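# Geometric and topological summary
The residues making up each chain are set out below.
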Amino acid sequence: MKVALITGVTGQDGAYLAEFLLKKGYFVHGVKRRSSLFNTDRIDHLYQDQHEKNVYFKLHYGDLTDSTNLIRIIQEVQPDEIYNLAAMSHVQVSFEMPEYTANADGIGTLRLLEAVRILGLAKKTRIYQASTSELYGLVQAVPQSETTPFYPRSPYAVAKIYGYWITVNYREAYGMFACNGILFNHESPLRGETFVTRKITRAACKIALGLQNCLYLGNLSAQRDWGHAKDYIEAMWLILQQEKAEDFVIATGITTTVRDFVRMSFAELGIDVEFSGKDENEKGVIVGLDVEVLSRLGLNDDALKLGMTVVKVDAKYFRPTEVDLLLGDPTKSKAQLGWEPKYNLQALVEDMMQSDLHLMKKDEYLKEGDFKTLNYFE
Ligand code: NDP
Ligand code: GDR
């Protein structure tokens, strides 16, 4: 039985990857951080009572900023494969927490590689490093491939560039099977709520249900190459199954603006949104309502009116330095890994909208029942 260790197992990708590896017959160990509230929502369905026989999923407390903890876990687990997914992964937040981001995302990768080396596992353990299209940053060329130069534009991307190169260095210096997956944006119903796609799908559902009036966003013209996380975690696994350790770009090869992602999300509910105005004065207004779609989804269109402004720009969401355009070239991964995404953008939006509509209807139900949360400070 192969043994895998996933850092960042409580995150979007960690949850999908853990499930995928368990289905493949792996023993999966995950590193989770201690927090004052439960932080395992995304993986609770995988939980196995540790007192039972045949347990194949185990969680360990740990942190990428703690070397001795990583050494102890890796020594105990003796993994065949490590997937280093743990990171402070929010680009905008990294401008507010640059030092912590460097420590966790940059030096954290070094700690992991060094732990494997110190423990004499350099020839046994294969390592996947979660590198990112943010490395390309300021556009040098498109589409972006494994040979396109990097120009990072945030403390997050600068930290990740250290992670990228230290992975390459350990591969070359010590012959370790250590690889970078340069993954472009990938989303899902499990996406963190403050990333733009999930923020949009949640808000569109809430607005349609009369639970929110307006969605405030930053740069609507940013272009991203969006795929589905379920497809991308499969690529991570394929990268570690190759004969030779190499780095791969994982992307769809199609780019879309934030503005169009908004349109597509509202369209799923039968709501047509049109944009007008420029920069900070741009807004999105309802120009069409498809009553048939709304009623099929069980939506009461009382909350919606033609001409209603549902999207406004708030400058606080602009970044000090932005990445304007990401468009990946997946030629190498398609040819060498045989990787092919199953979801296109339309299918991704549908999946996210269906899931969020279901979730937001629960909120509506609670509101209708005049449910009030307990206020411990009253
Ligand atoms: P998430 O933000 O959903 O998950 C990040 C995970 O890392 C969480 O489990 C989080 O724990 C954990 N974590 C954060 N800081 C630490 C730390 N100091 N020590 C240990 N664990 C920590 O990210 P995704 O799942 O979306 O992404 C996975 C990885 O891939 C990240 O490294 C990200 O930077 C990278 N990436 C993501 C892309 C994307 O589009 N999703 C694209 C390219 C790269 P907790 O749950 O407690 O917060
Ligand atoms: P990104 O994802 O920065 O590409 O990093 P995010 O969804 O945060 O932003 C995408 C683009 O949308 C613009 N934008 C907004 N973004 C957020 N979060 N909130 C807003 O209100 C908003 N309005 C416009 C942003 O400016 C940006 O251009 C993600 C993360 O998962 C990283 O960890 C990963 O490495 C990269 O994708 C690839």
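The shown structure was predicted, so the numbers you read here are calculated from the model rather than taken from an experiment.

Reading the values: rules and limits
- Along each chain, residue indices are assigned from 1 in the same order as the chain's sequence is written.
- Going through the entries in the order they are written, you letter the chains from A and number the ligands from 1.
- With the structure being a predicted model, the display of local features is reserved for residues of pLDDT at least 70 and the display and counting of side-chain atom pairs for 80 or more, all residues being used for whole-chain, interface and lining totals.
- Here, any two strands with at least 2 DSSP bridges between them count as paired.
- Starting at the N terminus, helices and strands are each numbered in turn, a helix being any DSSP run of H or I of at least four residues and a strand any DSSP run of E of at least two.
- Only the stretch in contact is used when fitting a helix axis, every axis being a line fitted to C-alpha atoms; angles between N-to-C directions are given from 0 to 180 degrees.
- By the convention adopted here, residues make contact when the C-beta atoms placed from their backbones lie within 7 Å.
- Three exposure classes are used. Buried residues have 20 or more other C-beta atoms within 10 Å of their own C-beta, exposed residues have 12 or fewer, and partly exposed residues fall in between, all C-beta atoms being placed from the backbone.
- By definition, a residue lies near a molecule or strand provided its backbone-derived C-beta atom is within 6 Å of it.
- Lys, Arg, Asp and Glu make up the charged group, whereas Ala, Val, Leu, Ile, Met, Phe, Trp, Tyr, Cys and Pro make up the nonpolar group; the residues left over, Gly among them, are polar.
- The domain boundaries here were taken from an automatic or database domain assignment.
- UniProt positions are given in the numbering used here, feature names are shortened, and annotations may be inferred rather than shown by experiment.
- Buried Ala, Val, Leu, Ile, Met, Phe, Trp, Tyr and Cys residues form a nonpolar core when they are connected through C-beta atoms within 7 Å.
- Every helix has an expected span of 1.5 Å times one less than the residues it contains.
- Looking down the strands as they point away from you, a crossover is right-handed if its path from the first strand over the helix to the second goes clockwise.

## Points about the sheet that holds strand S15 (residues 309-313)
- Within the open sheet, the 4 strands sit side by side as S8-S15-S14-S13. Their pairing is mixed. For this open sheet the edge positions go to strand S8 (215-217) and strand S13 (271-276), each flanked by a neighbour on one side alone. Neighbour to neighbour, the strand axes of the sheet diverge by 25° on average, direction disregarded.
- One ladder, built from 3 bridges, connects S8 with S15; its direction is parallel. Pairing of Leu217 across the sheet is with Val313, part of S15.
- Each of S8, S13, strand S14 (283-289) and S15 is contacted by helix H8 (residues 258-267), which is oriented at about 155° to S13, the strand it contacts most.

## Describing the environment of Leu337
- Summarising the element assignment, Leu337 is placed in helix H10 (residues 331-337).
- On the basis of neighbour count, Leu337 is assigned to the buried category, with 20 C-beta atoms found within 10 Å.
- Leu337 sits 96 residues away from Gln241 along the chain, and the two C-alpha atoms are 9.0 Å apart.
- Non-local contacts of Leu337, meaning those with residues more than four positions away in its chain, are made with Ala235, Leu238, Ile239 and Phe248.

## Description of the site of ligand 2
- Around ligand 2 sit 22 residues in total, of which Ser89, Thr132, Val196, Gly218 and Ala222 are the nearest.
- Those elements that provide at least two residues to the shell around ligand 2 are helix H3 (91-96) and helix H6 (196-208).
- A class-by-class count of the residues in the shell around ligand 2 yields 9 nonpolar, 8 polar and 5 charged.
- Looking at the shell around ligand 2, you find at least three residues from each of domain 1 (3-183) and domain 2 (196-222 + 257-323 + 343-368).

## Brief notes about the site of ligand 1
- Every one of the 26 residues lining ligand 1 counts as a neighbour, but Gly8, Gly11, Ala86, Ala87 and Ala130 are closest to it.
- Every element with two or more residues in the shell around ligand 1 is listed here: helix H1 (12-23) and strand S5 (126-132).
- The element contributing the most residues to the shell around ligand 1 is H1, with 3 residues.
- Tallied by class, the residues present in the shell around ligand 1 amount to 9 nonpolar, 14 polar and 3 charged.

## Here's the deal with the UniProt feature "domain: NAD(P)-binding" (unreviewed entry) in the protein chain
- In this structure's numbering, the residues bearing the UniProt feature "domain: NAD(P)-binding" (unreviewed entry) are residues 5-352.
- The distance from the first to the last C-alpha atom of residues 5-352 is 28 Å, and the span holds 36% helix and 18% strand.

## Brief notes about the nonpolar core
- Core analysis: the largest hydrophobic core is formed by 65 residues, its most contacted members being Ile6 and Ile250.
- Tallying contributions element by element places helix H5 (residues 155-174) first for this core, with 8 residues.
- Contacts of Ile250, omitting those with residues within four sequence positions, involve Gly181, Ile182, Leu183, Phe184, Tyr232, Ala235, Pro330, Ser333 and Trp339.
- Counting 32 residues, the second-largest nonpolar core is a separate cluster that includes Leu217, Val310, Val313 and Leu345.

## Things to note about the domain arrangement of the protein chain
- Split into domains, the protein chain comes out as domain 1 (3-183) and domain 2 (196-222 + 257-323 + 343-368).
- Look at where the C-alpha atoms of domain 1 and domain 2 centre, and you get two points 32 Å apart.
- Residues that form the side of domain 1 that touches domain 2 fall into these classes: 2 nonpolar, 3 polar and 2 charged.

## Topic: H5
- Its 20 residues give H5 an end-to-end C-alpha distance of 28 Å, which sits within 8% of 28 Å, the value for a rise of 1.5 Å per residue.
- Positive backbone phi, at 65°, marks Gly175, one or two positions downstream of H5.

## Concerning the pairing of strand S1 (residues 3-7)
- For S1, a buried count of 4 out of 5 residues is recorded, marking the element as mostly surrounded by other parts of the structure.
- Here S1 runs beside strand S2 (residues 27-32); their pairing, made up of 5 bridges, is parallel. Its bridge partner lying in S2, Ala4 is registered against Val28.
- Tracing the backbone out of S1, into H1 and back to the parallel element S2 gives a crossover that is right-handed.
- With 4 bridges connecting them, S1 and strand S4 (residues 81-84) associate as parallel partners. Across the sheet, residue Thr7 finds its bridge partner in S4, namely Asn84.

## Quick look at the sheet that holds strand S11 (residues 248-250)
- Strand order in the open sheet formed by 7 strands is S3-S2-S1-S4-S5-S6-S11, and the pairing between neighbours is parallel. Bordering the open sheet on either side are strand S3 (57-61) and S11, each of which pairs with just one other strand. Ignoring strand direction, the axes of neighbouring strands in this sheet form an average angle of 20°.
- Relative to S3, S2 is paired through 5 bridges, and the arrangement is parallel. Along S3, the bridge assignment pairs Val28 with Phe57.
- Helix H7 (residues 229-240) rests against S4, S5, strand S6 (178-183) and S11 of the sheet, and its axis sits at about 155° to S6.

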